[in-house]
Amino acid sequence: MKTIGSEPVYEVFARRVDGEPLRHVGCVAAPDDALARVYARSIYDEESWIEMVVVPRRAVIPVESVRTEAVDAHA
Amino acid sequence: MSTPLLDRPSALPREALPPLVDLVVALADNKHALGLRYGEWCSSGPTIEAGVAATAMAQDELGHARVLYGLLEELPGAPHRSEHEWAAEDARTVGLLEQPLSSWPHLIVANVMLDQALAQVLDAALESRYLPLRQRTRKLIEEERFHAIHGRGWLLQLAAEGPEVRAELEGIIGQAWAETLCWFGPDAGGALAPLVALGVLREAGEPVRQRFLGTFAPLLHGAGLAAPVRAEGGRWVLAEPLPWSRWDEARRRVRHA
């Protein structure tokens, strides 16, 4: 499980208008999905988003990444 | 034929004004105080995210108070109140908010109890016949949804820390119990009953208290916290009667024993 400190990290995505793709706006650390939603809403309030979602970083499935052999071996 | 809406203050029957004014003052004063108390934790939360969330809830509550004080300005005979002239000495706030919330568990208990109790009373105004109240209530309720998620999440987190924290939470809940549950009014609504009869509120008193307990009691049980309430015959039954002899209806406060 990837964490900042001791809490899981959630990636935050949002869009401002219909038709615009969801874009990554940042991340939050939270103990669970419910608090991740609250924190994302509280922290990323600079726009009037029409949609915001949070995704636990552990749910992200890597497709491609530039990584050293040592990192790959560790993973 | 649908019941006509009361679309302006002058459309309100005279008997509705005193209880409506008292209710709006008490709602606004408590939301203003809650905003201040949440805000005092903006840089002291257990995590940065928790502090930011407390700040966001503070902004929401102060905004709600501003909206409700604005509603008050339109009501004949209402005391003058605003966020700028709010006077702590005559504020109709519950005891829990008279002093700064001294710990994060205190903040979370205020969040899950008082914040949600006020939200339940506002929910009873969502279909209010009094249009100015109805129009303002929906956005307030929408923002309260996140306050409920925050309080629930944190209560469960804190309770999971162990028996000492659970004992602390139970103590704070015990201190806030009577005043929070009395806030909905006596069984038939007390002073709020005329507002129910006129359709300004959907319900008051015991039905709203049962609705609050329907969410709060299972939350306490899920957190492993003891509470003086049990489920019986499809209702929530309190272990001890509420102190109605000390209930100040106009100020919505329980007088000290």
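Bear in mind that the values here come from a model prediction, so they are computed numbers and not experimental data. (Residues numbered from 1 in each chain as written. Chains lettered and ligands numbered in written order. Predicted model: local features only at pLDDT ≥ 70, side-chain atom pairs only at ≥ 80, totals over all residues. Heavy atoms only, no water.)

Caption draft 1: Main features of the overall build of chain A. In terms of regular secondary structure, chain A is built from 2 helices and 4 strands. Each helix and strand of chain A, placed in order from N terminus to C terminus, yields the pattern β-β-β-α-β-α. In chain A, buried positions account for 31% of the 75 residues. Restricting to contacts in chain A with at least 6 residues of sequence separation, those with at least 24 account for 44%. Summed over its atoms, the accessible surface of chain A is roughly 5,000 Å², and 53% of this surface lies on carbon and sulfur atoms. (Helix = DSSP H or I, 4+ residues; strand = E, 2+ residues; numbered from the N terminus. Buried < 20%, exposed > 50% of the residue type's maximum accessible area, 1.4 Å probe, protein only. Contact = heavy atoms within 4.5 Å. Areas by Shrake-Rupley, 256 points an atom, 1.4 Å probe, with all protein chains shown as cover.)

Caption draft 2: Region of the structure containing helix H1 (residues 33–43) of chain A. The set of residues buried in H1(A) consists of A:Leu35, A:Ala36, A:Val38, A:Tyr39, A:Ala40 and A:Ser42. Residues of H1(A) that are buried sit in contact with strand E2 (7–15), strand E3 (23–29) and strand E4 (51–56) of chain A together with helix H2 (48–73) and helix H4 (131–159) of chain B. Regarding H1(A), its N-cap is A:Asp32, as a side-chain oxygen of that residue lies 3.2 Å from the backbone nitrogen of A:Ala34 further along. (Polar contact = N/O pair within 3.5 Å; in protein donor to acceptor, adjacent residues only side chain to side chain.)

Caption draft 3: Up close: empty space enclosed by the protein. All names here are of chain B. In the structure shown here, the tally under the stated rule is 2 cavities of 30 Å³ or more. One number sums up the size of the largest cavity: a volume of about 40 Å³. Around the largest cavity sit Leu23, Val24, Leu27, Leu68, Val121, Leu122, Ala125, Leu133 and Leu201, which together line it. Of all elements in the fold, only helix H1 (17–39) and helix H3 (104–123) reach the threshold of two or more residues within the lining of the largest cavity. For the lining of the largest cavity, the element with the highest residue contribution is H1, accounting for 3 residues. Looking at side-chain class alone, the lining of the largest cavity contains 9 nonpolar, no polar and no charged residues. There is about 30 Å³ of room inside the second largest cavity. Around the second largest cavity, the lining residues are Val121, Ala124, Phe184, Leu192, Leu201, Glu203, Ala204 and Val208. Tallied by class, the residues present in the lining of the second largest cavity amount to 7 nonpolar, no polar and 1 charged. (1 Å grid on protein atoms, 1.4 Å probe; cavity = no way out; pocket = protein on both sides within 12 Å on 5 of 7 lines; lining within 4 Å. Points joined across faces, edges and corners; volume = space filled by probe spheres on them. Nonpolar A, V, L, I, M, F, W, Y, C, P; charged D, E, K, R; others polar.)

Caption draft 4: Up close: the interface of chain B and chain A. In this complex, chain B contributes 15 residues to the contact, which on the side of chain A involves 13 residues. In total, about 1,300 Å² of surface goes out of reach between chain B and chain A, with carbon and sulfur atoms giving 64% of it. When the buried surface of chain B facing chain A is broken down by residue, B:Glu49, B:Phe146 and B:Ile149 rank first, second and third, together holding 43% of it. For the interface between chain B and chain A, the tally reads 1 salt bridge. When the shortest N-O distance is used, the salt bridge between B:Asp60 and A:Arg41 registers 3.5 Å. Between chain B and chain A we count 3 residue pairs in polar contact (both at pLDDT 80 or more) in total. Contributions of two or more residues to the side of chain B that touches chain A are made by H2 and H4 of chain B. With 8 residues, H4(B) is the largest single contributor of residues to the side of chain B that touches chain A. (Buried area = accessible area lost by both parts, 1.4 Å probe. Salt bridge = Lys/Arg side-chain N within 4 Å of Asp/Glu carboxyl O.)

Caption draft 5: A look at the packing of aromatic side chains. All names here are of chain B. Applying the stated rule across the entire model yields 6 aromatic pairs over all chains. A centroid spacing of 5.8 Å and a plane angle of 65 degrees characterise the contact between Trp41 and Trp104, whose relative ring orientation is edge-to-face. Highlighted residues: Trp41 in the loop between H1 and H2 and Trp104 in helix H3, separated in sequence by 63 residues. Each member of the pair, Trp41 as well as Trp104, carries the same accessibility label: buried. Arranged with centres 5.9 Å apart and planes meeting at 90 degrees, the rings of Trp244 and Trp247 form a pair that is edge-to-face. Looking at Trp244, the relative accessible area reads 28%, which means it is partly exposed. Aromatic rings pair up to connect Trp177, Phe184, Phe212 and Phe216 into one cluster. One Lys or Arg, Arg252, reaches over the ring of Trp183 and ends 5.0 Å from the middle of that ring. (Phe/Tyr/Trp six-rings, centres within 6.5 Å; stacked < 30°, edge-to-face > 60°. Lys NZ or Arg CZ within 6 Å of the ring centre and 35° of its normal.)

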